[in-house]
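# Residue-level structural notes
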Amino acid sequence: MKFRALPTLIPALLLALAASVQAQTLNYLGQQVLPTGSSYQGLPVGGLSSLDYDAASDRYLAISDDRSEIAPARFYEFKLDLGQFKRSPQPGHAGVSFTAMTTMQDLDGKPFARRKVDPESLRLDGRRGLIYWSNEGQRKAGDMQSPTVRRMTRDGRPAGEFPVPPYYFPSGSAAGRAPGDVGVYDNLAFESIAITPDGRTLWTMSENALAQDDAPATPEHGSRARMLSFDLDSGRAGAEYVYEVGPVPLAPVPPGGFNTNGVSDMLALSDHEFIAIERAFAVGAATLGLSPVNGKPTGNTIRLILIDTRGATDVSGWASIKGRDLTPVTRRLLLDLSTLKNDDGSTLALDNVEGITFGPMLNGKRTLLLISDNNFSTEQFTQFLAFTLD
């Protein structure tokens, strides 16, 4: 959540949201679906892995997780007409209009080389005129890339990076399961960026545990991820907490197929309260919502989780948490999106939701928006979901 939108987030509204764990706190407004293959400035639009709202321009920002393979790493700006969102299984994409595309630069001021970056999340800081974004890195045999959190200007120029503690850096085996392995698992690192309403602190979270802390989530067990903070004035790393990601809700079919659950983004409500997206996928899982692309179950389960860090153990500087006595942050279910219905009674189909932001006021109510990453797959879709807050 960016700074300039904060004056409209009145404290009473934030307290009401944070205090409630009922699904009816969020009222489903509708969705829009952008077909895979849609393009802007001659390039395919896809991989949209984050969402933020700029109240000053009434535009949204989203980063693409294209690893400079289809085109150089970039982020988009676009407008959404919430009045055209529909509670329909085939809503169309009227009112989704892209307005700008910006190439992101590496620390040398050049576009990122192929497979040298994995952009996953961004937040706009209107007060400082900067964008903060996360790079997931990778854990591959012969190519270990550490996760990073960086700053850039609105036009994509580099403005430095934050000092991520070295125990997040991958080393050892590619799988991360061998004795002595350290750091993030592949594709399970920094997917999220949140800025506290006072504009003082940035938070990110590993999607699952670090290799030295715990195993990745499965249908049988969850995973102990880490929340990591940075002071935005000094740039220094600060408090660090453990967040217990839930097990994968639905088992893959057949057993042994790919499955995952992890935190794909989070939004700060205060200096200690957050909404996290737990995004799960299991191959062949019989989810009730049927894809508007192929009419099949999507395999995705999306849950919004309310986090409170008060009372949690600060594990900053702990190279490993395995076997140590600690208190994780509290987590409570805010909304299971699998319970949402379209106006015809059908269950809402969910894609790979990876971004969350507060939006503009609508009929006197604050809005909350989600976006999905289609992975540039013809079997998936870019989904915009809108809610109002009581």
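The paragraphs below set out a description of the structure included in this document. The structure displayed is predicted, hence computed values, not measured ones.

## Side note on the pattern of salt bridges
Opposite charge on two side chains makes pairing possible when the charged atoms of those side chains draw close. Scanning the entire structure with this criterion turns up 22 salt bridges. In this structure, Asp213 engages Arg226 in a salt bridge whose closest nitrogen and oxygen atoms are separated by 2.7 Å. Of the two residues, Asp213 sits in the loop between β15 (201–205) and β16 (223–231) while Arg226 sits in strand β16, which places them 13 residues apart along the sequence. For the residue pair Asp213 and Arg226, the accessibility class agrees, reading buried in each case.

## Topic: the pairing of strand β18 (residues 259–268)
The buried fraction of β18 is high, at 10 of 10 residues. Where β18 lies against strand β19 (residues 273–282), nine bridges are found, and the strand directions are antiparallel. Note that in β19 the partner of Asn261 across the bridge is Ala280. Linkage of β18 to β19, two consecutive antiparallel strands, is achieved through a turn of four residues.

## Regarding the sheet that holds strand β17 (residues 237–245)
In space, the four strands of this open sheet follow the order β14-β15-β16-β17, with antiparallel pairing throughout. This sheet does not close on itself; its edge strands, each paired only once, are β14 (194–195) and β17. Sheet topology places β15 next to β16; five bridges connect them, and they run antiparallel. Across the sheet, Met205 pairs through a bridge with Met227, a residue of β16.

## A look at the packing of aromatic side chains
Tallied over the entire structure, the rule returns 15 aromatic pairs. With a centroid separation of 5.1 Å and 40° between ring planes, the pair formed by Phe162 and Phe230 is classed as tilted. Separated by 68 residues along the polypeptide, Phe162 in the loop between β13 (158–161) and β14 and Phe230 in strand β16 bring together distant segments of the chain. For Phe162, a relative accessible area of 2% translates into the label buried. When the ring of Trp203 is compared with that of Tyr241, the centres are 5.7 Å apart and the planes differ by 15°; the resulting orientation is stacked. One end of the pair, Trp203, is in strand β15; the other, Tyr241, is in strand β17, with 38 residues separating them in the sequence. Tyr241 carries the same exposure label as Trp203, and that label is buried.

So, how was this worked out
Residues numbered from 1 in each chain as written. Predicted model: local features only at pLDDT ≥ 70, side-chain atom pairs only at ≥ 80, totals over all residues. Heavy atoms only, no water. Salt bridge = Lys/Arg side-chain N within 4 Å of Asp/Glu carboxyl O. Helix = DSSP H or I, 4+ residues; strand = E, 2+ residues; numbered from the N terminus. Buried < 20%, exposed > 50% of the residue type's maximum accessible area, 1.4 Å probe, protein only. Pairing = 2+ DSSP bridges. Phe/Tyr/Trp six-rings, centres within 6.5 Å; stacked < 30°, edge-to-face > 60°.

Distances and angles like these do not, on their own, reveal function.
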